[in-house]
Amino acid sequence: MASPGGADPILVTSAVFLTAAVVAVPIFQRIKLGSVLGYLAAGAVIGPFGLGVINDVGTVLHIAEFGVVMLLFVIGLELKPARLWRLRKDIFGLGLSQIVVTGVLIAGISYWAGLGVSAAIVVGGALALSSTAFGVQILRERRELSTPYGDRTFSILLCQDLAIVPLFALVAFLAPNAEGSGNLGLEIAIALGAIGGLYFSVRYLLRPAFHAIAEAGSSEIFTATALLVVVGSALAMQAVGLSMALGAFIAGVLLAESEFRHQLETDIEPFRGLLLGLFFMGFGMTLDWGLIAENWLLIIGSAVGLFAMKAALLYGLTRIAGSNHLDSLRISATIGQGGEFAFVMITLAIAAGVFTGSLPSILSAIVTLSMIVTPAAVMAVDWYERRITGDEVEDLKTVEDAENCKVIVAGFGRVGQVVARIISSRGFDVTLIDGSPRRIRVAQTFGNEVFFGDARRLDILESAGAGEADLLFLCINDRDGAVETVDKVKNRWPDLKVYAETYDRFSEMAMRRSGVDFAVRQTYESAIKLAGAGLKELGELPETVEDIIEEFRRRDFELLELQTEYGADAGVQILRDRYRIDDGKRAHPAEGRDSA
């Protein structure tokens, strides 16, 4: 595109993309169609078949492919062995069945419609995948990621994510110009050697490096190192003829149990989000509106048919796997659409010569329209559920449901350690975060898995799962930072319960104003216990001591509420006026102006 006024073309292009994204994505999120469709629409408007502001689609897609590499790295980071093991039947049983059955059926229909064998197989594989971005976002917004149907939905999506790499390899294998190699054994040996080298490097060299960088306290260098891990692993695999995405995925899986997992995910996320958004915009630029207008009946019919067929197959398979009627409907509505990786496979198929002519544009339009169907399908299931069950549906959690409850303990100091031990003893899923590499190393010697990260940052808490958590224990040793964190957390996740450790009375008052659900001062309980033991030593009866302590707690809590509402000094005066009568009675100890 031309550069107005001699401006740098790179900056102009960047401004165009950013403007299109900033305008389109919030609009689509506002109408609950999701950011993916927003990016696609933005690309369609500015692309060669829209306003023609940007025409070099190939270069855009080439750069944006690195967003897919980063996405696979993040997916790898999320594959903790413990969760994989718990969901193994759904991932490798139900998920694999869905891919195979759906893929074979779509491939058969495509072949019957006149496509060649190779093209039909790739179409089947591409359209068998659902949208991880759509599915997970819906579950997070509804706080249902840890429900039985949420677990099963996530398992199917996870299996689809794992199937991406072999499906990419399948596209290359089906390419019409694919040639056999005379040194296949050597190539396999080189590939295995590269994977082994990557395993050794990530497993045994990166962790000490991350510790050293974390102790240096340079957040920007940590971010640079995280990017270097992704770029280095991708380039290593590309150098031996393997997929860059495979290298990033392996690196992510190897770091999934690292204490730096959440910090890495947080640092990579902005780059992943922008580049993946650019990828979707690039694909939106490829939509040929003239071609779509000529084939509108085929495209709309295929999109609705694709969603209906996938939803029906998902319903049947999940019912066979043991889901109830409503859960099967929810799963079908959530992931019945085509997915973002269909765009990636279409791109690869074009490059490999498997797809030619108008087929890529038609497939892209079908996938896009199937995504638009998703919100309507989810709302339809909600309406159906309300109709058959009524509005009096309760979702009560019991101790037996502990594995479906998620708790975050932010700060693994003296208080956080005790809280984590007690909560974990009842079987709840507890995620531990701390910003001290030294404390993390000490915790590891006692068998505790603590993740590195600054708990005052919302992006760290989000990576740790705050959006789906049932309870957050905030136990950080930062008087002002803890209050600010409560305020930010409550603004971001109003429904998340926050239990906090506070420094003193004044910080507890500030936390209460910020909306904390429960708070306790660092020395409050220990001071009460110490005073009670002293009263007993001075000759008070145990029952008397209990009464004194109970009255102190009641009056102190009343004073705290008054001080929170009216201020420290005014609260004290109001309490004095409320209880002091002219009979010479001394003020209760709770009426004092302590700051404990």
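Values in this document were obtained by computation on a predicted structure and should not be read as measured data.

A.B. asks: Even after reading the chapter, I still don't get the confidence of the model for the protein chain, so can you show me in this structure?
C.D. replies: Regions with low pLDDT should not have their predicted coordinates read in detail. Averaged over all residues, the pLDDT of the protein chain equals 78, while 84% of them reach at least 70. For the protein chain, per-element mean pLDDT is lowest for helix H26 (residues 568–579), which scores 64, and highest for helix H15 (residues 296–320), which scores 93. pLDDT under 50 marks residues 391–403. Its contacts with residues more than four places away, or in other chains, come to twelve contacts. Contacts from residues 581–587, a stretch scored under 50 in pLDDT, to residues over four places away or in other chains number three contacts.

A.B. asks: Whenever I open this one, the pairing of strand E5 (residues 497–502) confuses me. Can you help?
C.D. replies: Looking along a regular strand, one sees the side chains alternate between the two faces of the sheet. Bridge analysis of strand E4 (residues 471–474) against E5 gives four bridges, and the strand direction is parallel. Opposite Leu471, over in E5, you have Lys497 as the bridge partner. Running through helix H22 (residues 479–492), the crossover from E4 to the neighbouring parallel element E5 is right-handed. Where E5 and strand E6 (residues 518–521) come together, four bridges link them in parallel fashion. Bridging across to E6, Ala500 finds its partner in Ala519. A crossover connection joins E5 to the parallel E6 through helix H23 (residues 505–514); in handedness this β-α-β unit is right-handed.

A.B. asks: Looking at this structure, how should I read the pattern of salt bridges?
C.D. replies: Here the structure, examined in full by the defined rule, presents seven salt bridges. Between Arg330 and Asp327 there is a salt bridge, with the nearest N and O atoms lying 2.3 Å from each other. Taken together, the residues Arg330 and Asp327, both in helix H16 (residues 325–334) and three residues apart, mark about one turn of the helix. There is no split in this pair, since Arg330 and Asp327 are both buried. Between Arg330 and Glu385 there is a salt bridge whose closest N-O contact spans 2.7 Å. Separated by 55 residues along the polypeptide, Arg330 in helix H16 and Glu385 in helix H18 (residues 359–389) bring together distant segments of the chain. Salt bridges here are not isolated pairs; linked through shared partners, they connect Asp327, Arg330 and Glu385.

About the thresholds
Residues numbered from 1 in each chain as written. Predicted model: local features only at pLDDT ≥ 70, side-chain atom pairs only at ≥ 80, totals over all residues. Heavy atoms only, no water. pLDDT = per-residue confidence, 0-100. Helix = DSSP H or I, 4+ residues; strand = E, 2+ residues; numbered from the N terminus. Contact = heavy atoms within 4.5 Å. Pairing = 2+ DSSP bridges. Right-handed = clockwise from strand over helix to strand, strands pointing away. Salt bridge = Lys/Arg side-chain N within 4 Å of Asp/Glu carboxyl O. Buried < 20%, exposed > 50% of the residue type's maximum accessible area, 1.4 Å probe, protein only.

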